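Chain and residue survey
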Amino acid sequence: MKQWFQDLSPNLFSGFVVSLIALPLSLGLALASGAPPVAGIIAAIVGGLVISFLGGSYVGIAGPGNGLVVATLGAILALGDGDMVQGFLYTLAAIVVSGGVIFLLGLFKVGVVGDFFPSAAVQGMLAAIGLIIMSKQLHVMLGEINPVASSATELFALLPATLERLFIHAFEPLAWLTGLGSLLILVLHSFVKTGIVRKFPAPVLAVGYAILLNYLASIEVLPFPTLQAEYLIRLPENIVKQLATPDFSKAGEYTFFMAVFSLTFIATTESLLSIKAIDKLDPKRRRSNVNRELRAIGLATVVSGFMGGLNPVIAIARSSVNVNNGATWRSSNFFQAFFLAGFVLLFPSFLNRIPLPALAAILVFTGYRLASPQVFQKIASVGLEQLIIFSATLLATLFTDLITGIACGMLLTLLMQLNTKDRAAVILRNFFKPNTLLFLESSGQYHLSVRAFSNFTNYVRLKKRLDTLPTNAALVVDFSLCQFVDYSVLEHLGTYRDSFEKSGGNLEIIGLDDLTARTAHPLAPRKKPHRWLPNRNSRRQDAISTWFKERSWSFHEDEHVLRKKMLHFRYFADKQLDGLRNVAVLKEGEGEVWFADLDYSQGELLTKSYLHTSAVLLTFNFELPFFVLDKENVLHRTAVLAGWAAQTNLENFSDFTNNFKLKVENEEKIKEFFTWELVAFFEAHKPYHIESHDKQLLIFEKQRLATFPEFTQLINFATGLSKLLQNR
Amino acid sequence: MPTKPFDNIATAIAFSPNLEANMHESVRITRMLGHKLFFIHVGEGTEAEKENLHTILAQLATDDIEVKLIWEKGDIVEALLRSCADYAIDLLVAGAQPREGLLRYYMGSIARQLVRKTNCSILLMTHPNKLQSRCGKIVVNGIAHPKTPQTLAVAVKVANCLHAGELIVVEEVVPDKAMENVADDKQLQRANEMRKNKVNREQDRLNGLVSPFETTEELRIDTKILFGKRGYTIGHFTQTACADLLVMNSPDTKLGFLDRVFTHGLEYVLSELPSDLLIVHSHEK
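Numbers given to residues run from 1 along each chain, matching the order in which its sequence is written. To label them, take the chains in the order written and letter them from A, then take the ligands in the order written and number them from 1. The predicted nature of this model means local features are confined to residues of pLDDT at least 70 and side-chain atom pairs, given and counted, to a pLDDT of 80 or more, with totals for whole chains, interfaces and linings taken over all residues. Based on all heavy atoms of the structure, the side-chain values leave hydrogens and waters out of the count.

**As for helix α2 (residues 8-32) of chain A**
Worth spelling out the cut-off: Only DSSP runs of H or I reaching four residues or more are called helices, and only runs of E reaching two or more are called strands; each is numbered from the N terminus. Helices are assigned an expected span. That span is 1.5 Å times one less than the residue count.
Here α2(A) contains 25 residues, and its C-alpha end-to-end distance of 35 Å stays within 8% of the 36 Å for a straight helix at 1.5 Å per residue. Of the residues trailing α2(A), Gly34(A) is marked for its positive phi of about 80°.

In structure tokens:
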């Protein structure tokens, strides 16, 4: 409760700004849904009041949503059999029921279902929604208020006819002047980045322009007739008394059930997507309580449905405006509802002056944002497969309905992932099995290992583990036991990486080097390389190679040089060195510093085990005494093989001797070699495993690949050591 | 010479081109882990085959271990179990597929049947003929259970016999409801505190568990706490840590068909062996 009053003024202000945008959007979305305009306003008011008190997000704004336009319109058409008014009453009943279902989803904490859909399919569905909204509103914007068509595709087919009628001046000139002018304002506004214009939200400007135009016509400044009543919003004279009430007489029918299903599905998905997006925008980096928010949305939906309103959802555009205007708490959501209620109750006659073509322009612009060429471009850059899934979902949604569309998208994604025999086997065998392992490494960072495969179907398990970690922790997500990792998972992980980095933590992904992708996009799905799938760098590899380039290290294509050097070391005496990757070298004085990721295997007791490590090899132009040095006895075996297993104590450095295990060939030489400078250097750094051989030193840290920060530490340690030894 | 963890070791043989190699293999294992070796042959054999077998046996004779041949008849699993009881066998060595096919998963292989029914310890080897005298890492379960101390004692003995470098005692912490339900920052904080407490508690227990055994130059004894589904994570960890041997308690109840349909506990490991698996059967004192 304290927070409600703590930041009162910024939230009051942002609530006011948002209510200005919410007004035209709510009216427009309701109209586009085929519902009376006031239904949108009711959804926004009820949503704002209920969700601000009971919800779990911090800066989200509730109101009618873009995605629901299609679901609601579909429900009204299907339930009303052509009678829009009666259809709306049936739909209200479906809204009430869907509210109950959403509440239950939140109660049983199944908010995770929102993460169960492949990213490309969800994006395809959203683009389809954008196109469907545009298909109707383009006509309205140009002055054709009631185009006669039953589907989005037919509406698009009618566009040339509407344009033709526009050019033969069949419409009122003021109508299309309003519509096109509003659209122009919206487009231009999006290009303005600074200045006073930016202070006014675009929809407010567009509506203001439209009202002004009509007013100028009415006082005969403009040589056009004013807009007729059919071109203007019509609100009931007494809103409170004329609320629509739901009609439950169709409950139990199949179409009713489908309407409830799609309303619930879209409301949940849209809200969850928005909440995820808003948490990224939240300046205070708070995590919304998703299930609590769902419960609140469910309750708000029931209330809204009974009062004749649409489904309230969390709307991303309004929420981001909210954040941009300084909102810090849910009170902003309350205030936007409060101001909205104020407008409607105090100035209903003013609202009745808003021209429909202006609202249509706002919707066309919103629809365009959802289905703009950039959206296609973005998904195409991830890869052809994702583009196919995206387009298929889009087309399926356009020609059938939302539920069929998303189902097609999911099925297609799964089929494409199953398309090779190996992958199909991995998926089928491990579909129901757990596949995550989390433990705390001794160095204090979390290690999250994922096995078999990681895609949208089992992402929920990974998410469960991720959610239990504090975002200021250091986390390594290890995919080296995975056969493939899909786009959805990588995209979600990208979001997690953001939130970890913003709150001072660190999330590193390793194990993708072995998997390759079709495109260079960082989120492209990664799988085992084969003939048609050449190797492609992972994000870690890119980071490492950029690091090398900036410091003018040279890359070594021919790994055999290093391989030969590596094999001298006794550490590899009982191991098989399978391969070297990311090999680079730098001249350091008279010597060289080599880096490589090593893949090697140990053919011990019955099973062969595969190991990886990131190692540095230092070469010098003088002989070094033979020794191994480490803290954890990893090199003990090496010393045993060499025949000098006893631990050497350096008398002068008792701390060092207690901490490190040093095993040497010749004690006399070693005592000369380990000066206090060198001992101090070792003590000041992380304990690495070090083996010396002739004129070379091998340094590595863990028996897994180093993450990028570990990599830089390793290189710094190695170059420091190289300098120290050469300067003696 | 470290004390050997087992006395009587048994392995099943059958006439095949690999017979001799397999037998040599078993002798080597026995020399490392036990004193007496029993070859159990189930079924009839021709005279020539029997003679052949005896010649190989004669070659196998060594000073440090005793080798015996047992002839059994009837169903292979039942015959093996019977002779295990008759000859006081305490370790049964069997080869196993690292991963079971879907059909086999539901029908059950011989190795799996043995695991389910046996009354002695059992060593499942995923790659016979690759046995070497050294083994890098051993993972042992550290579950809070009366059987665990004995399992650990056996594991340490095995580790010494195999000259393993590292022995990791692993406890699987199943995050409970309150730890999993992290919806917002407050719950996250609480969940992390709960986890910390639980980890500390388990760590203390593990430390107590390993305290009788000391880390030596040769063998480092480590503990690790894993989060996830019990029975599953230990296999995953074995794979991640590239361990060579996994040592686990024997199941409390005999596993049945339903345990495979609703996978849990040991069944996760059995369905996809992450490494060689030693299931230690505890003797009641």
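That covers the picture; the talk isn't over yet.
**Re the environment of Val364(A)**
All names here are of chain A. Applied cut-off: Between two residues, a contact is recorded if the distance between any of their heavy atoms is within 4.5 Å.
Mapped onto the secondary structure, Val364 falls in helix α16 (residues 356-370). For the pair Val364 and Val140, spaced 224 residues apart in sequence, the C-alpha to C-alpha distance is 9.6 Å. The contact partners of Val364, leaving out residues within four places of it in the chain, are Met134, Gln137, Leu138, Met141 and Leu183.

**Quick word on a positive patch on the surface**
All names here are of chain A. Short version of the rule: For patch building, the residue pool is restricted to those with more than 30% relative accessible area and no salt bridge; the joining distance is 9 Å between like charges and 5 Å between nonpolar side chains (Val, Leu, Ile, Met, Phe, Trp, Tyr). Computed with a 1.4 Å probe, the accessible areas rest on the Shrake-Rupley method; for each residue, only the protein chains presented here act as cover. Should a side-chain nitrogen of Lys or Arg be within 4 Å of a carboxyl oxygen of Asp or Glu, the pair is scored as a salt bridge. Only four residue types enter the charge count, namely Lys and Arg as positive and Asp and Glu as negative; His and the chain termini do not. Note that the charge is assigned to NZ on lysines, CZ on arginines, CG on aspartates and CD on glutamates. Only protein chains enter the calculation, and the probe is 1.4 Å; a residue is then buried if its accessible area is under 20% of its type maximum, exposed if over 50%, and partly exposed in between.
A surface patch of positive charge is lined by Lys280, Arg285, Lys378 and Lys502. Mapped onto the elements, Lys378 comes out in helix α17 (residues 373-382). Under the relative-accessibility criterion, Lys378 is labelled partly exposed at 47%.

**With respect to the packing of aromatic side chains**
Residue and element names in this part refer to chain A. Put simply, the rule is: Between the rings of Phe, Tyr and Trp (Trp by its six-membered ring), a pair exists once the centres lie within 6.5 Å; its type follows the angle of the planes, with under 30 degrees stacked, over 60 edge-to-face, and the other angles tilted. Counted as over-ring charges are cases with an Arg CZ or a Lys NZ within 6 Å of the ring centre that also lie within 35 degrees of the ring normal.
In total, this model carries 33 aromatic pairs over all chains according to the counting rule given. Between Phe334 and Phe338, the ring centres sit 6.3 Å apart and the planes meet at 20°, which makes this aromatic pair stacked. You can see Phe334 and its partner Phe338 sitting in helix α14 (residues 331-346), 4 residues apart, about one turn around the helix. A connected cluster of aromatic rings, assembled from ring pairs, spans Phe627, Phe673, Phe674, Phe681, Phe682, Tyr688 and Phe717. The residue whose ring lies beneath Arg330 is Trp329, and the NZ or CZ to ring-centre distance is 4.8 Å.

**A word on the environment of Leu273(A)**
All names here are of chain A. Looking at where Leu273 falls in the secondary structure, it is placed in helix α11 (residues 254-281). Exposure remark for Leu273: the relative accessible area of 31% places this residue in the partly exposed category. For the pair Leu273 and Leu177, spaced 96 residues apart in sequence, the C-alpha to C-alpha distance is 36 Å. Setting aside its immediate chain neighbours within four residues, Leu273 contacts Val122 and Leu126.

**Some words on the packing of α11(A) against helix α12 (residues 290-306) of chain A**
All names here are of chain A. To keep things clear, this is the line we draw: Interaxial angle, 0 to 180 degrees, is taken between N-to-C directions of lines fitted to C-alpha atoms, where a helix line uses only the stretch in contact. Angle categories are assigned with fixed cut-offs, so that under 35 degrees is roughly parallel, over 145 is roughly antiparallel, 65 to 115 is roughly perpendicular, and the rest are oblique. Two helices cross in a left-handed way if the nearer one is turned anticlockwise from the farther one by less than a right angle. They cross in a right-handed way if the turn is clockwise.
Between α11 and α12, the least distance of the axes is 11 Å, while the angle of their chain directions is 135°. As the angle between them shows, α11 and α12 are arranged oblique. Note on packing geometry: the crossing formed by α11 with α12 is right-handed. Residues Thr268, Ser271, Leu272 and Ile275 of α11 pack against Val290, Glu293, Leu294 and Ile297 of α12.

**With respect to a nonpolar patch on the surface**
All names here are of chain A. Together, Val97, Val101, Leu243, Phe248, Val303, Phe306 and Met307 line one region of the surface with nonpolar side chains, adding up to about 490 Å² of accessible area. Taken together, the elements giving at least two residues each to the nonpolar patch come down to α5 (84-107) and α12. Along the polypeptide, Val101 turns up in helix α5.

**Overview of the pattern of salt bridges**
Residues and elements named next belong to chain B. Under the criterion given, the structure shown has 12 salt bridges over all chains. Among the ionic pairs, Arg205 bridges to Glu202, the shortest N-O distance being 3.1 Å. With Arg205 and Glu202 both in helix α8 (residues 185-210) and 3 residues apart, this pair spans about one turn of that helix. Given the relative accessible area of 25%, Arg205 is considered partly exposed.

**Observations concerning the domain arrangement of chain A**
All names here are of chain A. The test is simple: The domain boundaries here were taken from an automatic or database domain assignment. Summed over both partners, the accessible area (1.4 Å probe) lost when two parts come together is defined as the buried area. We define a polar contact as two N or O atoms separated by no more than 3.5 Å, with the added condition that, inside protein, one atom must be a possible hydrogen donor and the other a possible acceptor, whereas residues neighbouring each other in sequence contribute only through side-chain atom pairs. Under the scheme applied here, ten amino acids are nonpolar (Ala, Val, Leu, Ile, Met, Phe, Trp, Tyr, Cys and Pro), four are charged (Asp, Glu, Lys and Arg), and all others, including Gly, are polar.
Per the domain assignment, the segments making up chain A are domain 1 (2-386), domain 2 (433-536) and domain 3 (547-726). In this assembly, domain 2 packs against domain 3 so that about 790 Å² is buried in total across both faces, 47% of it on carbon and sulfur atoms. It is Glu508, Ile510 and Asp513 in domain 2 that bury the most area against domain 3; as a group they hold 45% of the surface buried on that side. Counting the contacts that link domain 2 with domain 3 gives 0 salt bridges. Applying the counting criterion to the domain 2 and domain 3 interface returns 2 residue pairs in polar contact (both at pLDDT 80 or more). Here the element with the most residues in the side of domain 2 that touches domain 3 is strand β6 (residues 506-510); it accounts for 3 residues. Class assignment for the residues of the side of domain 2 that touches domain 3 results in 2 nonpolar, 5 polar and 4 charged.

**Focus: empty space enclosed by the protein**
Residue and element names in this part refer to chain A. Rules: Cavity and pocket criteria rest on a 1 Å grid covering protein atoms alone: a 1.4 Å probe that fits but cannot get out defines a cavity, protein on both sides within 12 Å along at least 5 of 7 lines defines an open pocket, and an atom within 4 Å of a point defines a lining residue. Grid points are joined across faces, edges and corners, and a volume is the space filled by probe spheres set on the points.
Applying the stated criterion across every chain, the model contains 10 cavities of 30 Å³ or more. Approximately 110 Å³ is the volume found for the second largest cavity. Looking at the second largest cavity, it is lined by 16 residues, and the ones nearest its centre are Gln386, Thr413, Gln417, Asp486 and Pro525. Among the elements of the structure, α6 (119-142), α18 (384-399), α19 (402-417) and α22 (487-502) are those that each provide at least two residues to the lining of the second largest cavity. Classifying every residue of the lining of the second largest cavity by side-chain character gives 7 nonpolar, 5 polar and 4 charged. The residues that make up the lining of the second largest cavity include at least three from each of domain 1 (2-386) and domain 2 (433-536).

**Quick word on unusual backbone geometry**
In this structure, Ser552(A) takes a positive phi of about 45° despite not being glycine. With a relative accessible area of 58%, Ser552(A) lands in the exposed category. Positive phi values are uncommon outside glycine, yet Ala88(B) reaches one of about 50°. Inspection of the secondary structure puts Ala88(B) in the loop between α3 (76-86) and β4 (91-95).

**Points about the pairing of strand β2 (residues 36-42) of chain B**
Residue and element names in this part refer to chain B. The condition is simple: In this scheme, strands are said to pair when DSSP sees at least two bridges between them.
Counting buried positions along β2 gives 6 out of 7 residues, so the element sits mostly inside the fold. Pairing analysis gives 6 bridges linking strand β1 (residues 8-13) to β2, with the strands arranged parallel. Looking across to β2, one finds that Ala12 is bridged to Ile40. With 7 bridges connecting them, β2 and strand β3 (residues 66-72) associate as parallel partners. Its bridge partner lying in β3, Lys36 is registered against Glu66.

**Some words on the pairing of β6(A)**
What counts here: By definition, the crossover connecting two strands over a helix is right-handed if that path, from the first strand to the second, turns clockwise as seen with the strands pointing away from the viewer.
Most of β6(A) sits inside the fold, with 4 of its 5 residues counted as buried. With α22(A) bridging strand β5 (residues 474-485) of chain A and its parallel neighbour β6(A), the resulting β-α-β unit is right-handed.

**As for the nonpolar core**
Definition in use: Throughout this description, the term nonpolar core refers to a set of buried Ala, Val, Leu, Ile, Met, Phe, Trp, Tyr and Cys residues connected via side-chain atoms within 4.5 Å.
Core analysis: the largest hydrophobic core is formed by 119 residues, its most contacted members being Leu27(A), Leu310(A), Leu340(A), Ile354(A) and Leu359(A). It is α6(A) that contributes the most residues to this core, 14 residues altogether. If you count residues domain by domain, this core takes at least three from each of domain 1 (2-386) and domain 2 (433-536) of chain A. What Leu359(A) contacts, discounting residues up to four positions off in sequence, is Pro24(A), Leu27(A), Gly28(A), Leu31(A), Val207(A), Ile233(A) and Ile354(A). Membership of the second largest hydrophobic core comes to 70 residues, among which are Val450(A), Ile9(B), Leu53(B) and Val210(B).

**Quick word on the confidence of the model for chain B**
Residue and element names in this part refer to chain B. Under the convention used in this document: Within a predicted model, pLDDT stands for the predictor's per-residue confidence, ranging from 0 to 100.
Residues of chain B with pLDDT of at least 70 account for 80%, and the chain-wide mean is 77. Per-element averaging of pLDDT across chain B places helix α4 (residues 102-107) at the bottom with 47 and strand β6 (residues 137-141) at the top with 87. In this model residues 102-107 is a low-confidence stretch, pLDDT under 50, and it forms 11 contacts with partners more than four residues away in sequence or in other chains. Interface predicted TM-score (ipTM) for the complex: 0.78; the corresponding pTM is 0.74.

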